[in-house]
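# A structural walkthrough
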Amino acid sequence: DELREVDPVMAERLHPRNARKIKRSLQVYYMTGKPHSQHVHEQSKYQLRYPQHVLLFLDADRDCLNQRLDSRIDKMLQRGLRQEIEAFNSSAQEQES
């Protein structure tokens, strides 16, 4: 098991059939060189901005959600998202030089 080799703490925490979270943990490791569990531990040291909070988990039909996201992205592209990103990149490159 690949995750168990690079991050045994997270491998123990995650259900073996939760492919999405296992993939994400491996991605974090390969992008940063540090186990995902170490990132989680380091982040737990910080105080929340709003100490009294509520977390909500919503369950949506995946096909419906994907259609809504595709529609939202299409509208953003029609309104100039690509041009905005290109302008931002040009500005950032000018500031770097």
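### Here's the deal with the overall build of the protein
A count of helices and strands for the protein gives six helices and zero strands. Ordered by position in the sequence, the α and β elements of the protein form the string α-α-α-α-α-α. The C-alpha radius of gyration of the protein comes to 19 Å, more than 25% above the 13 Å expected for a compact globule of 97 residues. Over its C-alpha atoms, taken along the principal directions, the protein stretches across nearly 45 × 45 × 35 Å. Of all 97 residues assigned to the protein, the portion counted as buried reaches 14%. By sequence separation, contacts in the protein at least 24 residues apart represent 33% of the contacts at least 6 residues apart. As displayed, the protein has an accessible area near 9,400 Å², and 50% of this comes from carbon and sulfur atoms.

### Points about the environment of glutamine 52
Along the chain, glutamine 52 falls in the loop between α4 (36–43) and α5 (62–78). Of the residues examined, glutamine 52 reaches a relative accessible area of 79% and is grouped as exposed. The spatial distance from the C-alpha of glutamine 52 to the C-alpha of leucine 14 is 27 Å, given a sequence separation of 38 residues.

### A closer look at a nonpolar patch on the surface
A cluster of nonpolar side chains, namely Val54, Leu56 and Leu58, defines an oily patch on the protein surface of about 420 Å² accessible area. Relative to the helices and strands, leucine 58 resides in the loop between α4 and α5. Look at leucine 58 and you get exposed, because its relative accessible area is 81%.

### Some details on the side chain of aspartate 7
Along the chain, aspartate 7 turns up in the loop between α1 (2–6) and α2 (8–13). Despite its burial, aspartate 7 pairs with no opposite charge; the closest candidate is arginine 13, at 7.9 Å N-O. Aside from chain neighbours lying at most four places away, what touches aspartate 7 is Pro35, His36 and Ser37.

### A look at the side chain of histidine 39
Relative to the elements of secondary structure, histidine 39 occurs in helix α4. Judged by relative accessible area, which is 17%, histidine 39 ranks as buried. Once residues within four sequence positions are removed from consideration, histidine 39 is found in contact with Val28, Thr32 and Lys34.

### Here we look at the confidence of the model for the protein
Model confidence for the protein is summarised by a mean pLDDT of 92, while 100% of its residues fall at 70 or above. Looking over the protein, one finds the lowest element-wise mean pLDDT in helix α6 (residues 81–96), namely 89, and the highest in α2, namely 97.

### Structural notes on the environment of glutamate 12
By the element assignment, glutamate 12 lies in helix α2. We classify glutamate 12 as exposed; its relative accessible area is 61%. Considered as a pair, glutamate 12 and alanine 60 are 48 residues apart in the sequence and their alpha carbons are 28 Å apart.

### Re the packing of aromatic side chains
Each aromatic ring pair is summarised here by two numbers: the centre-to-centre distance and the angle between the ring planes. Applying the stated criterion across every chain, the model contains one aromatic pair. Centre to centre, the rings of tyrosine 29 and tyrosine 30 are 5.1 Å apart; their planes meet at 75 degrees, and the pair counts as edge-to-face. A relative accessible area of 23% places tyrosine 29 in the partly exposed class.

Calculation notes
- Residues numbered from 1 in each chain as written.
- Predicted model: local features only at pLDDT ≥ 70, side-chain atom pairs only at ≥ 80, totals over all residues.
- Heavy atoms only, no water.
- Helix = DSSP H or I, 4+ residues; strand = E, 2+ residues; numbered from the N terminus.
- Rg over C-alpha atoms; globule rule 2.2 N^0.38 Å.
- Buried < 20%, exposed > 50% of the residue type's maximum accessible area, 1.4 Å probe, protein only.
- Contact = heavy atoms within 4.5 Å.
- Areas by Shrake-Rupley, 256 points an atom, 1.4 Å probe, with all protein chains shown as cover.
- Patch = residues over 30% accessible without salt bridge, like charges linked within 9 Å, V, L, I, M, F, W, Y side chains within 5 Å.
- Salt bridge = Lys/Arg side-chain N within 4 Å of Asp/Glu carboxyl O.
- Lys, Arg positive; Asp, Glu negative; His and termini not counted.
- pLDDT = per-residue confidence, 0-100.
- Phe/Tyr/Trp six-rings, centres within 6.5 Å; stacked < 30°, edge-to-face > 60°.

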